[in-house]
Each structure stands twice: as structure tokens, then as C-alpha cells.
Protein chains: 4
Amino acid sequence: MTDQSRPSRPVILGQNQYGKAENRVVKITRDGNTHHIKDLNVSVALSGEMEEVHYSGSNAHVLPTDTTKNTVYAFAKEHGIESAEQFGIHLARHFVTSQEPIRQARIRIEEYAWERIETSDGDSTLTGADEVKHSFVRKGQETRLTQITFDGERWQVISGLKDLTVMNSTNSEFWGFVKDEYTTLKEAHDRILATEVSAKWRYSWSSDDAPMPNWENSYRQARKHLLQAFAETYSLSLQQTLYQMGSRIINSRGEIDEIRFSLPNKHHFLVDLEPFGLKNDNEVYFAADRPYGLIEATVLRDGTEPQIPVDLTNL
Amino acid sequence: MTDQSRPSRPVILGQNQYGKAENRVVKITRDGNTHHIKDLNVSVALSGEMEEVHYSGSNAHVLPTDTTKNTVYAFAKEHGIESAEQFGIHLARHFVTSQEPIRQARIRIEEYAWERIETSDGDSTLTGADEVKHSFVRKGQETRLTQITFDGERWQVISGLKDLTVMNSTNSEFWGFVKDEYTTLKEAHDRILATEVSAKWRYSWSSDDAPMPNWENSYRQARKHLLQAFAETYSLSLQQTLYQMGSRIINSRGEIDEIRFSLPNKHHFLVDLEPFGLKNDNEVYFAADRPYGLIEATVLRDGTEPQIPVDLTNL
Amino acid sequence: MTDQSRPSRPVILGQNQYGKAENRVVKITRDGNTHHIKDLNVSVALSGEMEEVHYSGSNAHVLPTDTTKNTVYAFAKEHGIESAEQFGIHLARHFVTSQEPIRQARIRIEEYAWERIETSDGDSTLTGADEVKHSFVRKGQETRLTQITFDGERWQVISGLKDLTVMNSTNSEFWGFVKDEYTTLKEAHDRILATEVSAKWRYSWSSDDAPMPNWENSYRQARKHLLQAFAETYSLSLQQTLYQMGSRIINSRGEIDEIRFSLPNKHHFLVDLEPFGLKNDNEVYFAADRPYGLIEATVLRDGTEPQIPVDLTNL
Amino acid sequence: MTDQSRPSRPVILGQNQYGKAENRVVKITRDGNTHHIKDLNVSVALSGEMEEVHYSGSNAHVLPTDTTKNTVYAFAKEHGIESAEQFGIHLARHFVTSQEPIRQARIRIEEYAWERIETSDGDSTLTGADEVKHSFVRKGQETRLTQITFDGERWQVISGLKDLTVMNSTNSEFWGFVKDEYTTLKEAHDRILATEVSAKWRYSWSSDDAPMPNWENSYRQARKHLLQAFAETYSLSLQQTLYQMGSRIINSRGEIDEIRFSLPNKHHFLVDLEPFGLKNDNEVYFAADRPYGLIEATVLRDGTEPQIPVDLTNL
């Protein structure tokens, strides 16, 4: 369609995407009696030449979202799920290369971890049971995340985690801040520092010509560095802790160039027990819900360009 | 600080912001015995010269998030809450103009609507009660949203709503779509179309030199046009309905230049009753949770530049 | 099976029930171009002679939960959905009378209200559209509830609502309470009273020999009386308001004998603005999340026996 | 007050209770540099001579819910938190014995588990950090529960857990069930069995004259037996698995007499891949949300009376 044939419109279409969100796929792999689980929540977003479906309702370029759902399940069988990242790469490549009007695919995946139920202690011996290798309990800690974007040429992989709640019961201070007419906060020289980590890191890998990172190992290592930096930083502000977590990962993991954090400051207020004749020596805290401080920042390898969107929250 | 005095770092700081999120403020205004409510959830995000608090933990440029909370409550008294937008404008201006290191403020507000409890019917006459003007029930429909951003010079106001669930029980079709090897969906010539509208619209107003829109009336009108366009569109795809909702607002409201929608397709599947010897003549539906289609797009006035971030969801 | 043939067990089975929970059924009724919606979430719980499925895994007495789901959808077609209560009565009667081992059925239903999208104003005239009678927006206020229990002979119908949030901005006090060594609360002579009403009322109707109440009208009237009693009560305690809401319903509705309330006291704390040189004359409040007062009570018609379970919450 | 002086009322008060719900208390215990956390959510419900506050609004018998909150925090200091059960016993005894009008106290507690962040591996050696003993990550698996009830004489302790999600990827069948006219389900001879365990167990301990159980050890052991029974049971129905979990605990733990389970059957449906020319050999599953089977039952030691309320869910 040439520009001439296109009717002039007072209201035009901007960026748009569509797909099936939250396809819950569980894949069981059997190695004899030993089973393995991958438990994913896969969301597909496709974009390309989609003007007509918006303007006139013509679906001639629209692969149904139902088909994208079917593809997720079929690919779990055809390609297996080696890692969330590798699975997303298979899906994104498929949509972009198999459908002419689709120019870009973005696959977002949440992964839920499971651990084996232990049955091999003294008690199970008494019951005469063999060790069970098909029984699992959901780990329930953080949710692992990845987002794969492909435009037919370049890859962008942003992985991370959310809902990882951490706390330091000491080695945190907050003082020397600006005071204005609305400031009533007292300086703190020994406080609890707690947050629920949301972190997304971008891999430098972007081309089929380069070897991929080991996604599983990279996740484990990034998570470990993040936790250790949180634990080992003597903190004068949550911002400082944030930077330490980010720089530790980038310094330790050459495959990661950029990290975006969103860190709610989960306030733990020391309860005033003096009205009851009691001294609260940093022992009893009220864990508050709202409001909360919200600290967000990108840290990145010097010389690289930031690409991760800055809004990880809607609040 | 000059570039020379700044130590060279292998890992640098990118975009960052901080503030107090989810300050729940309820303001009662009394007009004699007639009371009025404004019920807001206010989140503050400030950015500026904040390198040192990240690198060294120095809080010398940091106005505490606790102070930003206090400011919200004090401003509710000092300025009142004429509208969420006007309240956010007061707050953003204050932070940017009163604190040298703060170069930009973003205020996000959720507003919850209340309606009066009616007491003036026959029954209350029997009880002898006067009409009550201080008693409310939460409306419970959509949540109204606004986001005010100010850099000391230019304003950006993006308002909207979320969680407005709508349904057409007919006048929706879906056919003529692409079929590939993973397509099993049947064409539909009379289906339910339901979605939970998330919409954010950007006002063209950006300078103190221009008169502000009437925020309250603009919201009411935009919401009305959105609902009417949903109802009156004979839909061949949810994308088409989306475009109709957006263009109706932009055509009707000169103060709005751009709208971003995120529309989950809340699938209602016709239940197969044939195994029970029953014919389901578009009567009985299963309302599914996951997965769901997710349709997202920006529509904008021709000649304007899109500014609303495209990611309104994390899935 | 006689008691002799049953093996003696050190651990026995107590009360048990099973079924399919949260069957989401949407029923469209067409009256020409005018459509009507019923939107329900139906949960089935069956009990009876179910020892063997627990002890040995024999399913010989077990109607699958999948079948109970199918029955919900088939009955929506066969019987229609006149009201949630009437629909539950059809279902409960079916399970108890058609399956010998099933001795009792309990049907719980949540109902979500919808209202029509208005299109008949001046604007839609301009667009030339006829009035639309198939387009709806979810009301989003309270969720209506009912629970039907049938043992083959007697009926018990408990209906109600949850998530109805109400607020009085004055006419509430709290003083004259007990003070012990842990009491620091100041007396209040003009405070906000807000709660999120959860109420369940029991109908006296219990036999097929008696005429049923008009379920739809009874719900509307009970809800109206509850709201008006909340609005019109000058409250010295939330307990007093609770009793007034309950007694107003029982006095006004002869078909209702008992009501159970669970009322969280949604605290709105007057913000101390004195540090900022401002006087807060009952204008600016902080709406707190947790902790909250929780007031629960049954009120009932004198001479009747309470039957509604007292635990409506798990906290 | 004698019956004669009490006005006759057409609507009377039934069971009632009040208190402060969801007091979030975090207690840090310092053993040198090694810190320990207890993280609780405590809800207090008191009942007794409370007619007047309902009928007339007189608060003369009402200890404010604010005071019950203060007591929770003061007791965390005065008594410490040895276990949730022991803490609840201190609180319940206090309210009943210190306030004449209060005849019964019920304390419900949720406990959130934390584990230490490990810093003592090779990496932290490289950074030169000592091992950190004040840094924690929330475990995030099940929530531990307890409910303490005291009437001044007898104790009832019901403990348990919720949100513990488990899955067997084989050794589960479902066949031999009843078929009626609405049955379409096919028999299954190898299926996934998954559930989110909600379990509440009652201790036989009820008097100050008897020694208390070791609450911490009892919880760990009950949880272990529950998980092992789930893993080791070859299941013909979820009911059978439920009974095995319950009887394993009661047989192994003499201090526990009764358990109530609420087990949603988290359906994992084998995806039909035949339309795509693929064979799904128990590999690829769709994890469904709603509807779900819901299996609930009490199991108890022969010769004891059931006391745990049967409604653990509102659906």
C-alpha cells in the first residue's frame, strides 16, 4: 500500500503489539525413575504490519493469539525446555521468521522453582519406601524472569528475578540527609534494612554469530552475587546497597552489561515501648506495609548504553 | 565536581529515582453538613544529582522519602485537592523548585471514587432521619490514574484509568486470520467480547504559559467516550475496538493527543453442551482466567509525537 | 459393610466433602436485541458415604468433580439462572437426589453485578447510533454471595455480600473504654468510621412445603437497609453500628432470621500537621492498611437459633 | 444486670468477638554477632460480656483494639518469642486473666520463615569478608499457622500451615468413578497430582497441669511426615493421599489428635499435541487455575472428638 492509497487519518496508530499472555506450561522430563520439572508462565507479544486490523478490523495479517498459545505447548515438546532463555529464543525466532508481517517478537517468561521432597531419612527406611524421585515441593522464593526480544537480526535478552525478600538486622545507617521544613525524620545509626528485590539484567549477547551464555549457571551466579553483596555491604543508604549489588554482578559476570533494580524500602519501625516502662534495644519492630520508600536505578558497565526500560513498577 | 576529580569506575550509574510510594491520603471537605471526599494513593519519584548516595552512601543531596510523605499530607491541607492532576502539579513543582539537587519530579496518583449512600427514600422517612450528607460507599469500579512529570520547565500529564471491565454480548466477530501449522482456532461470527480496560492518555498541556484543562471534566468525558465507543463498535477484532475507543477520545477531546491501551482479551468460551443433548445457542459461557490475549497499542493525533511508555504491564 | 467387617483403625475419618470449586459461568439471556447477564462463580461441595475413597482409594462412590462442573454448565442451560439462590437450589437438589452415596450438597455462589453502558445521550445521537442493549460495564462494588445446603429434606439458605466499603466522615465517637497498663489510645469525639462490610444472612425458609422468598428483591432490600443503617447511626462504637445494621435488616425483612457480620475497622488516622505549622481540623487523614480492628458478631431474631458459622475470616 | 432489668429485644446478640488483626511484629534476638529473627502476623480476638457495646455503644467493658496491639509488641519484649504457640499462650492468658469482662481469647498467628544468606564460599573469601550472621532471605515457602484459644481454664492449640505447593509427576491414577449423564471425564492411569496444602492440626494438650509439647520440633516433624506421605503414597485419589498424610502425622506424633485438610486439586492437563503431529507422552502439561477440585476432610485419632472447624476456605 502506498502512502497515496492510504487515507489520511486525524488519529494514527503508534507502537502496538499483541499475543497470548500467561501460558502456563509444565514440562516433565523422565530420566528413568528420576523426573525433572520446568514450570513456566510464557507471554508472547508480536508486532509488525498490523495497521489494518486496527483501522478496518481485517485479520489478514493476524496470527491468532490462540495459535501463539499452541506454539508454546508444541515447542515444549519439539525443543524441550533447556532454560527459559533458550526456550524463549526458539519461540521468538519462529514467529519472526515464519510470518512475513511479524517483524518483532518479545517473549516474557516467569519461572517457578521446585525442589525435591526428601524421603531418604530414617523414617522412610522404617516405612520401607525407596527414595522417591518424582515428588516435588515448590521452592516459593523468588520468581525467575526472562524477556527475549528478536527483530530478525539482533537479540536482546533481559533476565532477572522478583519477590526476593531480604533483610539485614544491623549494619545499616541513615543520616546526613537534607532537612527542609517538612522533615521530621530522626537520623538512624543502627536500623533494619529490608527490601523485596526486583532486578533485571541485560546480557551483552545479541547475535547468532556469538556463543550464548550458559543461562542456567549465569542465573545462579548472578543471584548469589546479588545476595552476598546485600549481606556484606555496610549500608549508609539503600541506594548504596543497590549500587553494590549491581556492580558486584557486573564485575563478576562478564556476560552481563546492565542491571535495573526496583527496591522498595520495607520499613521496620522500632516500636516505642517506653509508655510501658520497657526499653526497646533494637529488638521489637513493626513491619509496615504502606507507604514505603522506593529506590530504583540502573547500573551498567562503563562504555555500554542502557537499554532496560526504567519503569519496572506502576507505582 | 569536574570529570577529572571523579574517579574512573568500571560500573557506572544510569537513570535513577527515589521517593515514597503509596501515600494513602483521604481529604474531607466540609460544606456545612455536606461532606466531600478525595481518596488518593500518591507516589513520589525524584531524580537529579544523586551519584554520591549510590557510590559512597553520602546522603547530602537526599531529601528523605519520609519528608516527601510529610509533604503530601501537608499539601493536602495547604493546597486542598481540587483534582488529582492539580494536586500532583503542586507537589512536582515544589520538589523541583525547592531542592537544588532535584532536577525532575514524577508524581503518580491513583484515585478511588466514592458515591453517597442514599437515605432519602420512603424508608428513611419512616425512621424520621434527615438526609445524611457525610456517608459514602466506595464506587468500586475503575481506579482513576494520573502521572505528573516536571523538569523545572516542561510539564507532562498522563491520566487514565485501570480495571474497568466491559463486555459486549454480541456484535463481535473474529475470522479471516492467518492459519499456520499450529492453528486450530475456529472462526467466530458471533462471540462475546470482554476486556478490562487499562488506558493512559497524554494531555497536550505542557507549559505554565498555557491554561490548564479542566481535569475533572476531561476525565469524565474521556471515560464516557471510551465506554460509548466500546459499546457502539461492531467489532471484527479487539484491535479495531481499541482504535475506535482511542480515536473517539482524541476526536472529541482537543486537550488529549495520545492514548495507550492495554486490553486483555477476557475470553468467554461457549461451553459444549452436546454431550448432554443440549444446544448452546450463545447462552452459556465459561469465563477463563489464563491464558488471555493481550492487545496493546498507542493511538495518537496525527502530527504529534508519542511519549507514553509502551509497557503498561509486566506480562 | 457392617461394623464387624470394617477393620479397626487407629486414625479415622471425620467430616469430609469434595467438589469442583470456582466454576465461572456467564449466562446471556436474549430478549430481542436486549440482552441480560448473569455472572456467577459456583463452588460445589458434596458429602456422604465417602469412607472408602479415603481409606483405600476406591472411587466407586465418587462422582468426579469434573462431572459436577459439567452439571453447573448444563443446568445454566436447562434451568436458566433466575437468581443465584434458585440456581443453587436446583444444583443441590440434583446431587442429593440423583446419587445414592451423596447425602448432602452445599453450593456456594459469588455473583458479580453488571450495569448497562449508556449510549443514548446527545453524543451518541451525533454519531447516529441506536441505543445499545448488549453492552455492559462491571459494577465492581460488592460481591453478592449465597450458600445453599440440602440434606435431602431441609434447606438452609445463607446469602449476603462482601467487599462493600463504606465510610462516615463524622457522627462517630470512641471513648469511655477500659484503660490498662498498655493503653495509650486517646478518646475520640469526632472520627471517621470506615469498614468493608462482610455480611451473611440466613433465611428462615427451609422446606419445599413453604413458598420461597423473592431472592432478588430480598437481596436489594437487605443491602439497602444495611447501607441506610450505617449512614443513619450516630456511632459510639463499630459494634453499635454493626448491631444497628443487623437489627434494621431483621426488623424490616421477615424472611431473614440471622445475620453474621465481619467488619474490619479501616482506620483513618488524623495526620499531625503541627510540626509544619498547620492545624488539621478533621480534614487530612492517613488511611492505614494493617493492623486493623476486627469486629465480628451475630445478630438474630429473638427465639431463633444461630446457625451461621462464626468464622468468616482466617485472620 | 438481671434478666428483668434487661429490655426485651426483638433482635438479640449472638456470638461476638473483637480485637486487632494482623499486627506485624518482627523480633530480633542478638547472640553476639549472630542474630535470629521471628517474623509474625498476630491477630487477637476477644469475647465476653459485650452486650452493651452492641446495644447502646457503651465502651465500659471494651479494652481498645489499640491496646491489644500495644500488648502484642510489649509482650514481644517482655516474654520474647520462643515459638508462635508459646507467644500466643502468653497473650491469651493475659487478656482472660487481667480483664474481668473478657471470658475468652483467641490468638491467631502467621509465621514467615527466614534463612541465612550464605557468604562463606570462595567468592566472599576473595572479597575478604567475614561470615555475616545478620543477613537473611525470606524462605518464601509455606506460611506457618497457629491458633491459641483460652477460656480461663482449658487451652486449645491448633497449628498448621498453608500455601505449601506439592506435585507428584507420576504414581497417581483416577478411575473406577461413578458415571452419570453429565460425566465426560476419561479415566486416568498416570497423571500429575498437585495440590497446595492447607493443614491444621490440633494438639491434645489442653491444661496447664500437663507439660507442653515442644512446639518448634513438633512443627518440623509434622511438616516432614506430611511431605513424605505425599511423596510416598501411590495415589488412586486425592482423598486417599489426604488420609495418608493425616494418618502418618497422627501415628507418628502422639501430641497431635486431629488434622483438617483443605486440598485444591491443582489440575495439570495433558496438552493434545496430535493436531501438530506430535505425541505427548506425559511430558507437556497445561497448569490450570480455575475451576479446581477441592477436597476437604478431617482425620483424627480414634476415640477423640473432632474440634477443628470444617470451613477453612470461603469457596
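Residues numbered from 1 in each chain as written. Chains lettered and ligands numbered in written order. Predicted model: local features only at pLDDT ≥ 70, side-chain atom pairs only at ≥ 80, totals over all residues. Heavy atoms only, no water.

Enquirer: Please give an account of the pairing of strand β2 (residues 23-31) of chain A that cites residues and values.
Expert: Here β2(A) pairs with strand β3 (residues 34-48) of chain A via nine bridges, running antiparallel. When the bridges of β3(A) are listed, Asn23(A) appears paired with Val42(A). Turn length for the β2(A)-β3(A) hairpin, with the two strands adjacent in sequence and antiparallel, is two residues, and the turn residue Gly32(A) shows positive phi of about 65°. Where β2(A) meets strand β12 (residues 284-287) of chain D, three bridges bridge the pair, whose relative direction is antiparallel. Opposite Val26(A), over in β12(D), you have Tyr285(D) as the bridge partner. (Pairing = 2+ DSSP bridges. Helix = DSSP H or I, 4+ residues; strand = E, 2+ residues; numbered from the N terminus.)

Enquirer: If you had to explain the UniProt feature "binding site: 5-hydroxyisourate" (unreviewed entry) in chain A to someone new, which residues and values would you point to?
Expert: UniProt annotation of "binding site: 5-hydroxyisourate" (unreviewed entry) refers to Thr65(A), Asp66(A), Phe174(A), Arg191(A), Gln239(A) and Asn265(A) when read in the numbering used here. Spanning 201 residues, the named residues do not form one spatial group; their C-alpha atoms are separated by as much as 51.9 Å. Looking at the secondary structure, you find Asp66(A) in helix α2 (residues 65-78). With a relative accessible area of 12%, Asp66(A) lands in the buried category. Once residues within four sequence positions are removed from consideration, Asp66(A) is found in contact with Lys20(A), Thr184(B) and Leu185(B). With respect to the element layout, Gln239(A) can be found in helix α6 (residues 238-252). Residue classification places Gln239(A) among the buried residues on the basis of a relative accessible area of 5%. Beyond its immediate chain neighbours, meaning those up to four positions away, Gln239(A) contacts Ile295(A), Tyr18(B), Val53(B) and His54(B). (UniProt positions renumbered as here; feature names shortened; annotations may be inferred. Buried < 20%, exposed > 50% of the residue type's maximum accessible area, 1.4 Å probe, protein only. Contact = heavy atoms within 4.5 Å.)

Enquirer: Now, about the relation of the copies chain B and chain A: what can you tell me, with residues and values included?
Expert: When chain B is fitted onto chain A, the two copies agree to an RMSD of 0.0 Å after a turn of 180° and an axial shift of 0.0 Å. With respect to symmetry, the two chain copies, as superposed, fit the operation of a two-fold axis. Identified as the residue of chain B closest to the rotation axis by C-alpha distance is Asp311(B), at 4.1 Å. Both copies share a contact surface, since 100% of the interface residues of chain B are interface residues in chain A too. (Least-squares fit on C-alpha atoms with pLDDT ≥ 70 in both.)

Enquirer: Which residues make up the side chain of Arg202(A), and what values go with them?
Expert: Residues and elements named next belong to chain A. Summarising the element assignment, Arg202 is placed in strand β9 (residues 193-203). Reaching out from Arg202, the side chain makes a polar contact with the side chain of Glu258 at a distance of 2.7 Å. Here Glu305 takes part through its backbone oxygen, which lies 3.1 Å from a polar atom of the side chain of Arg202. Apart from the residues within four sequence positions on either side, Arg202 is in contact with Gln156, Val157, Ile158, Glu255, Ile256, Asp257, Glu258, Thr304, Glu305, Gln307 and Ile308. (Polar contact = N/O pair within 3.5 Å; in protein donor to acceptor, adjacent residues only side chain to side chain.)

Enquirer: Quick one: what's the story with the interface of chain B and chain C, residue by residue and with numbers?
Expert: Each side of the interface is counted separately: chain B has 63 residues, and chain C has 63 residues. Summed over the shared surface of chain B and chain C, the result is two salt bridges. Linking chain B with chain C are 30 residue pairs in polar contact (both at pLDDT 80 or more), by the criterion used here. Top contributing element to the side of chain B that touches chain C by residue count: helix α5 (residues 215-232) of chain B, with seven residues. (Salt bridge = Lys/Arg side-chain N within 4 Å of Asp/Glu carboxyl O.)

Enquirer: Please provide a residue-by-residue account of the interface of chain B and chain A, values included.
Expert: In this complex, chain B contributes 84 residues to the contact, which on the side of chain A involves 84 residues. Across the chain B/chain A interface, buried area totals approximately 7300 Å², and carbon plus sulfur atoms make up 51% of it. Connecting chain B to chain A are six salt bridges. Linking Arg108(A) and Asp311(B) is a salt bridge whose minimum nitrogen-to-oxygen distance equals 3.1 Å. Taken together, the connections running from chain B to chain A amount to 47 residue pairs in polar contact (both at pLDDT 80 or more). Contributions of two or more residues to the side of chain B that touches chain A are made by β1 (11-21), β2 (23-31), β3 (34-48), α1 (51-55), α2 (65-78), β4 (102-111), α6 (238-252) and β13 (292-301) of chain B. The dominant element in the side of chain B that touches chain A, judged by the number of residues it contributes, is β1(B), at 11 residues. Broken down by class, the residue content of the side of chain B that touches chain A amounts to 34 nonpolar, 32 polar and 18 charged. Relative to β13(B), strand β1 (residues 11-21) of chain A runs antiparallel, the two sharing nine bridges. Bridge pairing links Gln17(A) to Glu296(B) in β13(B). (Buried area = accessible area lost by both parts, 1.4 Å probe. Nonpolar A, V, L, I, M, F, W, Y, C, P; charged D, E, K, R; others polar.)

Enquirer: Explain the packing of aromatic side chains to me, and be specific about the residues and the numbers.
Expert: Under the defined criterion, the tally for this structure stands at 40 aromatic pairs over all chains. Ring centres of Tyr73(B) and Phe286(C) lie 6.3 Å apart, and the angle between their planes is 85°; this geometry places the pair in the edge-to-face category. With one member in each of two chains, Tyr73(B) in helix α2 and Phe286(C) in strand β12 (residues 284-287) form a pair that bridges those chains. Assessed through its relative accessible area of 4%, Tyr73(B) is described here as buried. With a centroid separation of 6.0 Å and an interplanar angle of 35°, the aromatic rings of Trp201(D) and Tyr219(D) are classed as tilted. Taken together, the residues span a long stretch of sequence, with Trp201(D) in strand β9 (residues 193-203) and Tyr219(D) in helix α5 (residues 215-232) at a distance of 18 residues. On the basis of relative accessible area, Trp201(D) is assigned to the buried category, the value being 0%. A relative accessible area of 7% places Tyr219(D) in the buried class. Aromatic ring contacts, followed pair by pair, group Phe150(A), Trp155(A), Tyr203(A), Trp205(A) and Trp215(A) into a single cluster. Sitting over the face of the ring of Phe150(A), Arg93(A) holds its NZ or CZ atom 6.0 Å from the ring centroid. (Phe/Tyr/Trp six-rings, centres within 6.5 Å; stacked < 30°, edge-to-face > 60°. Lys NZ or Arg CZ within 6 Å of the ring centre and 35° of its normal.)

Enquirer: Give a description of the packing of α5(D) against helix α6 (residues 238-252) of chain D that names residues and reports values.
Expert: Residue and element names in this part refer to chain D. Packing of α5 against α6 leaves a shortest axis separation of 8 Å and a crossing angle of 140°. The angle between the axes of α5 and α6 places the two elements in the oblique class. When the axes of α5 and α6 are compared, the crossing they make is right-handed. For the pair α5 and α6, the contacting residues are Ala222, His225, Leu226, Gln228, Ala229, Phe230 and Glu232 in the first and Thr241, Gln244, Met245, Arg248, Ile249 and Ser252 in the second. Class assignment for the residues of the contact of α5 with α6 results in six nonpolar, five polar and two charged. (Axes fitted to C-alpha atoms, helices over the stretch in contact; angles between N-to-C directions. Parallel < 35°, antiparallel > 145°, perpendicular 65-115°, else oblique. Left-handed = near helix turned anticlockwise from the far one by under 90°.)

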